[in-house]
Amino acid sequence: MSTYRVAEAAHVLGVSDDTMRRWIDSGRVPATRGAGPAEVAGADLAELARTLADEPDRDGTRASAVSARNRLAGIVVSVKKDAVMAQVDMICGPYRLVSLLSTEAVDELALEPGSRIVASVKSTNVVVETP
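For every chain, the first residue of the written sequence is number 1, and numbering continues from 1 onward in sequence order. Local features are withheld for residues below a pLDDT of 70 in this predicted model, meaning they are given only at 70 or higher, and side-chain atom pairs are given and counted only at 80 or more; totals for whole chains, interfaces and linings count all residues. Hydrogens and water are ignored here; the side-chain numbers use all heavy atoms of the structure.

Colleague: With reference to specific residues and values, describe a nonpolar patch on the surface.
Modeller: The patch calculation keeps residues exceeding 30% relative accessible area without a salt bridge and links them within 9 Å when they carry like charges or within 5 Å when they are nonpolar (Val, Leu, Ile, Met, Phe, Trp, Tyr). Residue-level accessible areas treat just the shown protein chains as cover; the underlying method is Shrake-Rupley with a 1.4 Å probe. Any carboxyl oxygen of Asp or Glu within 4 Å of a side-chain nitrogen of Lys or Arg constitutes a salt bridge here. A cluster of nonpolar residues, Val84, Met85, Val98 and Leu100, forms a patch on the protein surface that exposes about 380 Å² of accessible area. Summarising the element assignment, valine 84 is placed in the loop between strand S3 (71–81) and strand S4 (85–92). By definition, any uninterrupted DSSP run of H or I lasting at least four residues is a helix, any uninterrupted run of E lasting at least two residues is a strand, and each is numbered from the N terminus.

Okay, structure coming up:
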């Protein structure tokens, strides 16, 4: 059975080490504490991940701590969906952004024209090359 140290478990879930420790201390996820650092069983971490997917703890995620310059408030102007993928067009201030994501994510977020959104930009450059 796989086990995760606190920092590894936090990284997998996208939360801080402190958030993971608080969840362990509160009993939200069991951990073993032997002579070394606390460890979380892989099965217990997977169960916690499933519960977070159903009921996200958005205040404790790294997404809430992203730099403001990387987050653009805006509005959805169009959504094109097929069985697997979707294209979401947004206007964020003077910028038009297009995001490709799963149809499942679009449905879960209830994105439709007029939806208020915050676009988090992770990269400033996209390089396209041919061989």
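Colleague: Provide a residue-level description of the nonpolar core, including the pertinent values.
Modeller: To qualify as a nonpolar core, a set must consist of buried Ala, Val, Leu, Ile, Met, Phe, Trp, Tyr and Cys residues joined through side-chain atoms within 4.5 Å. The classification of residues rests on relative accessible area computed with a 1.4 Å probe and restricted to protein chains. Under 20% of the type maximum is buried, over 50% is exposed, and intermediate values are partly exposed. By size, the foremost hydrophobic cluster in this structure holds 14 residues, and its most contacted members are Leu13, Met20, Trp23, Val29 and Leu48. Contributions of two or more residues to this core are made by helix H1 (6–13), helix H2 (17–25) and helix H3 (42–54). One finds Ala86, Val88, Leu111 and Ile117 within the second-largest nonpolar core, a separate group that totals 10 residues.

Colleague: Help me get a handle on the environment of serine 16, residues and values and all.
Modeller: One can find serine 16 in the loop between H1 and H2. Considered as a pair, serine 16 and valine 6 are 10 residues apart in the sequence and their alpha carbons are 9.4 Å apart. Polar contact criterion, stated in full: a pair of N or O atoms within 3.5 Å, where within protein one must be able to donate a hydrogen and the other to accept it, and residues adjacent in sequence count only if both atoms are side-chain atoms. There is a polar contact of 3.0 Å between the side chain of serine 16 and the side chain of threonine 19.

Colleague: Outline the side chain of serine 115, supporting the account with residue identities and numerical values.
Modeller: Tracing the sequence through the fold places serine 115 in the loop between helix H4 (103–109) and strand S6 (116–120). Of the polar contacts made by the side chain of serine 115, one reaches the backbone oxygen of alanine 110; its length is 3.5 Å. Here glutamate 112 takes part through its backbone oxygen, which lies 2.9 Å from a polar atom of the side chain of serine 115. The criterion used for residue contact is that any of the two residues' heavy atoms lie within 4.5 Å. Apart from the residues within four sequence positions on either side, serine 115 is in contact with Gly74, Ile75, Val76 and Ala110.

Colleague: Can you lay out the packing of H1 against H2 for me, pointing to particular residues and giving the numbers?
Modeller: Axis angle and axis distance: for two packed helices, these are the angle between their axes and the distance between the axes, and together they describe the pair. It is at 8 Å that the axes of H1 and H2 come closest, and there the two elements cross at 105°. It follows from the interaxial angle that H1 and H2 lie roughly perpendicular. Residue-level contacts link Val6, Ala7, Ala9, Ala10 and Leu13 of H1 to Asp17, Met20, Arg21, Trp23 and Ile24 of H2. Where helices are involved, their axes are fitted lines through C-alpha atoms of the stretch in contact, as for all axes, and angles between N-to-C directions lie from 0 to 180°. Geometric relationships in this document are graded by angle, where less than 35 degrees denotes roughly parallel, more than 145 denotes roughly antiparallel, 65 to 115 denotes roughly perpendicular, and other angles denote oblique.

Colleague: Kindly report on the sheet that holds S6, identifying the contributing residues and their values.
Modeller: Strand pairing is assigned whenever DSSP detects at least two bridges linking the two strands. One open sheet accounts for four strands, arranged S5-S4-S3-S6; its pairing is antiparallel. Looking at the sheet topology across the chains shown, the edges are occupied by strand S5 (95–102) and S6. The mean angle between the axes of side-by-side strands here comes to 45°, regardless of whether they run parallel or antiparallel. With five bridges joining them, S3 and S6 adopt antiparallel strand pairing. Across the sheet, residue alanine 73 finds its bridge partner in S6, namely valine 118.

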